[in-house]
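Chain residues, written in single-letter form:
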Amino acid sequence: MQSAIGWMLWTTAVFGGLGALPVTAAEPLPQLRAYEVPATWRQPVAPLRIAAGTWQIGTAQLSALLLKGDAGAILIDGGMPQTAEHLLANMAALGVAPSDLKFIVLSHAHADHVGPLAALRRATGARVVANAESAQLLARGGSDDLHYGDAFLYPPVATDRLLQDGETLELGELRLQVHFTPGHTPGSMSWTWTDRADDGTSVRIAYVDSLSAPDYRLLDNPRYPHIVDAYRASFARVRSLPCDLLLTPHPDFSGLRYGATLERARPATCATYADAAEAAFEAQLMAERQAAVD
């Protein structure tokens, strides 16, 4: 308000009052608006147990996975920027204090998965761990995205540790291995770890990043020249992952539903996920080639 009053005083001094400014019949320019997402991406859910030490603490249609161990906890993804307080509340419900969160990792650095990371880093002191490609986008708060420009911004966050492909992040008994699966973003990452099922047996969990190419330019993309090769290599990489249980940043990609309970709407494996994504990708690529001919 003070800045507005100052502007009015300045215009009075310079132009002799607001009446001296030119008046046109044009409509005012539109207000700035943040991007909007489906309500289910913002719908809080209570913590859902996936395995002995693996919990979903995010929203109904965005994964935020908490791995609990004796030495602390690791968070994979966070969802939209406005979910920070919800995630902290769900952590508290599971007996995880803010200082217990030691690492924050991610699938890819788009706003719907890393939006609250800056707030969570401040609240917990956890170290953000990513690869170099994702670290650059995190530091820019999503700006200058290869495909979306500045359309989907979030609070920037610094990366505390850079990962190499195949590196293992260790926290006590927790062993979380990263697998670079570029395509959806150049810095896309998938993660694997071993937990225990309800019957006490070991279960190999794979959290596989998005394999879609929503409205992306695939042919002769000047910002991502090898995008087609990257996707095809990632499809093969995902098929090779240790994968008794598939999880994805958007749970419907792996046939899951987060609600009052954890439900599986359809069976899905790393292989079937990669197969379906590859078929859709090749169809999209063929349509783009046909459009270029036409």
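This one's a predicted model, so the numbers in the text were calculated from it and none came from an experiment.

Rules used throughout
Residues numbered from 1 in each chain as written. Predicted model: local features only at pLDDT ≥ 70, side-chain atom pairs only at ≥ 80, totals over all residues. Heavy atoms only, no water. Phe/Tyr/Trp six-rings, centres within 6.5 Å; stacked < 30°, edge-to-face > 60°. Helix = DSSP H or I, 4+ residues; strand = E, 2+ residues; numbered from the N terminus. Buried < 20%, exposed > 50% of the residue type's maximum accessible area, 1.4 Å probe, protein only. Axes fitted to C-alpha atoms, helices over the stretch in contact; angles between N-to-C directions. Parallel < 35°, antiparallel > 145°, perpendicular 65-115°, else oblique. Left-handed = near helix turned anticlockwise from the far one by under 90°. Contact = heavy atoms within 4.5 Å. Pairing = 2+ DSSP bridges. Nonpolar A, V, L, I, M, F, W, Y, C, P; charged D, E, K, R; others polar. Polar contact = N/O pair within 3.5 Å; in protein donor to acceptor, adjacent residues only side chain to side chain.

**Student:** Please explain the packing of aromatic side chains as it appears in this structure.
**Tutor:** A ring pair, where both rings are aromatic, is described by two values, the distance of the centres and the angle of the planes. Going through the model one piece at a time under the given rule, you end up with 7 aromatic pairs. Their ring planes at 70° and their centres at 5.7 Å tell us that Phe235 and Phe281 sit as a pair that is edge-to-face. Pair noted here: Phe235 is in helix H6 (residues 227–239) and Phe281 is in helix H7 (residues 270–293), with a separation of 46 residues, a long-range link. Taken individually, Phe235 and Phe281 each receive the classification buried, so the pair is uniform in this respect.

**Student:** How should I be thinking about the packing of helix H2 (residues 84–93) against helix H4 (residues 117–124) in this particular structure?
**Tutor:** When two helices pack together, their arrangement is given by the angle between their axes and by how far apart the axes lie. At a minimum axis separation of 9 Å, H2 and H4 run at an interaxial angle of 45°. Here H2 lies oblique to H4, going by the angle between them. Of the two possible hands of crossing, H2 and H4 adopt the one that is right-handed. Counted together, Ala84, Leu87 and Leu88 of H2 and Ala119, Leu120, Ala123 and Thr124 of H4 form the full contact between these two elements.

**Student:** How do you make sense of the sheet that holds strand E6 (residues 127–130) when you look at a structure like this?
**Tutor:** By definition, the strands of a sheet pair up through backbone hydrogen bonds, in either a parallel or an antiparallel sense. Taken together, the 7 strands give an open sheet; going across it, the order is E1-E2-E3-E4-E5-E6-E7, and neighbouring strands pair in mixed fashion. Of all strands in the sheet, those bounded by a partner on one side alone are strand E1 (48–51) and strand E7 (161–162). Contacts from H4 reach strand E4 (72–76), strand E5 (101–105) and E6, with the element oriented near 165° to E5.

**Student:** Looking at this structure, how should I read the pairing of E1?
**Tutor:** On a regular strand, one side chain projects to one face of the sheet and the next to the other, so that they alternate. Note that E1 and strand E2 (residues 54–56) share 3 bridges and pair antiparallel. If you follow Arg49 over to E2, its bridge partner there is Trp55. Hairpin connection of E1 to E2: 2 residues between the antiparallel strands.

**Student:** Looking at this structure, I do not really get the packing of H6 against H7. What am I missing?
**Tutor:** Across the interface, H6 lies against H7 with an axial gap of 8 Å and an inter-helix angle of 160°. It follows from the interaxial angle that H6 and H7 lie roughly antiparallel. Pair H6 / H7 crosses with left-handed handedness. Here Val228, Tyr231, Arg232, Phe235, Val238 and Arg239 of H6 come into contact with H7, specifically with Cys270, Ala271, Ala274, Asp275, Ala277, Glu278, Phe281, Glu282 and Leu285. Counted by class, the contact of H6 with H7 contains 10 nonpolar, no polar and 5 charged residues.

**Student:** How should I be thinking about the environment of Gly69 in this particular structure?
**Tutor:** Within the secondary structure, Gly69 is located in strand E3 (residues 65–69). For Gly69, a relative accessible area of 24% translates into the label partly exposed. Separated by 16 residues in sequence, Gly69 and Gly53 have C-alpha atoms that sit 6.8 Å apart.

**Student:** Got a minute to help me understand the side chain of His86 in this structure?
**Tutor:** Tracing the sequence through the fold places His86 in helix H2. Given the relative accessible area of 18%, His86 is considered buried. A polar contact is formed between the side chain of His86 and the backbone oxygen of Ile57, at a distance of 3.2 Å. Not counting residues within four places of it along the chain, the set of residues in contact with His86 comprises Pro44, Val45, Ile57, Gly58 and Thr59.

**Student:** It is not clear to me how the sheet that holds strand E12 (residues 245–247) should be interpreted in this structure. Could you clarify?
**Tutor:** Pairing is mixed in the open sheet, where 5 strands are placed in the order E8-E9-E10-E11-E12. What marks the edges here is a single partner per strand, and that holds for strand E8 (168–171) and E12. Taken over all neighbouring pairs, the strand axes of this sheet differ in orientation by 20° on average, direction set aside. Where E8 lies against strand E9 (residues 174–180), 4 bridges are found, and the strand directions are antiparallel. If you follow Thr168 over to E9, its bridge partner there is Gln177.

Read these as spatial facts, not as claims about activity.
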